[in-house]
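Coordinates in review
Okay, here's what each chain looks like letter by letter:
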Amino acid sequence: MALLVNDMTQNFSTTSLVILAAGRGSRFGGAKQFHSFGRLNKTLMLYNICHAIDNGCQHVVFITQANHQAQLIEKVINHLPDNIENNIVFQENSDLPSECKIAPTRKKPLGTAHALWCAREVLSGNFCVINADDYYGKQAFNLVSTLTQSDSPAMIAYQLIKTLSDYGGVNRGICQLANTHELLTLTECENIRQEGKNIYGETIHHPKQTLAENTLVSMNFWYFDQQIFPILRQLLLNTFDAKELPPAQSNEKECYLPDAIALLNTQSAKPTKVLTSHDEWFGVTYAADSENVNSKLSELADKGWFASLSENQIIKNKS
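A few points on the structure. Here the structure is a predicted model, which means the values were calculated and not measured.

Let us look at the packing of helix H5 (residues 228-239) against helix H7 (residues 257-267). Taken N-terminus to C-terminus, the directions of H5 and H7 make an angle of 110°; their axes are 9 Å apart at the nearest point. Compared by their axis directions, H5 and H7 come out roughly perpendicular. In the crossing of H5 with H7, the sense of the turn from one axis to the other is right-handed. Only Leu257, Asp259, Ala260, Leu263, Leu264 and Gln267 of H7 make contact with H5, whose side of the interface consists of Ile228, Ile231, Leu232, Gln234, Leu235 and Asn238. Split by residue class, the contact of H5 with H7 holds eight nonpolar, three polar and one charged.

Unlike most non-glycine residues, asparagine 191 shows phi in positive territory, near 50°. Note that asparagine 191 resides in strand S10 (residues 183-195). Residue asparagine 191 is classed as partly exposed on the basis of its relative accessible area, which comes to 30%. Of note, asparagine 220 is a non-glycine position whose phi angle comes to about 70°, a positive value. Along the chain, the position of asparagine 220 falls in strand S13 (residues 216-224).

Let us look at the pairing of S10. Taken together, the seven bridges between strand S9 (residues 170-177) and S10 define a ladder with antiparallel strand orientation. Bridge pairing in S10 places glycine 173 opposite glutamate 188. Counted between consecutive antiparallel strands, the loop separating S9 from S10 contains five residues. When S10 meets strand S11 (residues 198-202), the two strands line up antiparallel, connected through four bridges. Bridge pairing in S11 links glutamate 195 to asparagine 198. Between S10 and the antiparallel strand that follows it, S11, lie two residues; glycine 196 among them carries a positive phi value of about 65°.

Conventions and cut-offs
Residues numbered from 1 in each chain as written. Predicted model: local features only at pLDDT ≥ 70, side-chain atom pairs only at ≥ 80, totals over all residues. Heavy atoms only, no water. Axes fitted to C-alpha atoms, helices over the stretch in contact; angles between N-to-C directions. Helix = DSSP H or I, 4+ residues; strand = E, 2+ residues; numbered from the N terminus. Parallel < 35°, antiparallel > 145°, perpendicular 65-115°, else oblique. Left-handed = near helix turned anticlockwise from the far one by under 90°. Contact = heavy atoms within 4.5 Å. Nonpolar A, V, L, I, M, F, W, Y, C, P; charged D, E, K, R; others polar. Buried < 20%, exposed > 50% of the residue type's maximum accessible area, 1.4 Å probe, protein only. Pairing = 2+ DSSP bridges.

Structural data, given as structure tokens:
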């Protein structure tokens, strides 16, 4: 079952797709990024890659753990077309600026900002970043393809109502905009759930905050150029400063891409653009979400959204 290139546009041809695939899926019960969904029986990564390729993408970078490599090759890389360059990068806690230090016993990953830092050697131009266990829809990739000559960071936002789970609370980054399309702040809101006709979430200052359906949220779909890497280095230094952080505390600290964006916004004159996708996002926060994801992906396949996904061929031993 190989992915066939659909030669529609080449707007994405100089932009790499970076996929964060190092998660452990604790609430799902396993590495959900390698689970297959829909009647095409594909990972969420492949559905997203299909949309990226349809927009001209030619390079995919996978950031994962060493013990996931075999699954990644079997479930995803073996299904990429020959003209799609790919790199596998391992998120290793030892890959830090020399001034940083963490507890030698630490096993837990250091966060999504650190994951992207680990890919700095294989990225030479602009790139977008997504989660391996989320499906972002067509429009997100169409929107990013309009940014490929931009040196300003950007994010794809979704309406909150289109990102909820029927099976439990979810955490989302609530966007506050400086105007209609520039990001001012991202506020982490936890345990967001729908109760009757209302949506509630929890923040540090509001234990039960009412949220509007059309509130824009981040689902970790970002667009960057090379200026993000000095920012990531500074964030890592701030988070894991060997001079100031006792080793025991370094066992708990993490740094995330929204933290990098906050730091970037204080040091750059270029605001982070916010582009809104009106497609429905969906993912598998909980195992029970799988049935809904299977149904929706099958419906989209019936509509021809994944015409580039062939059910007839498997590329063997692709490196």
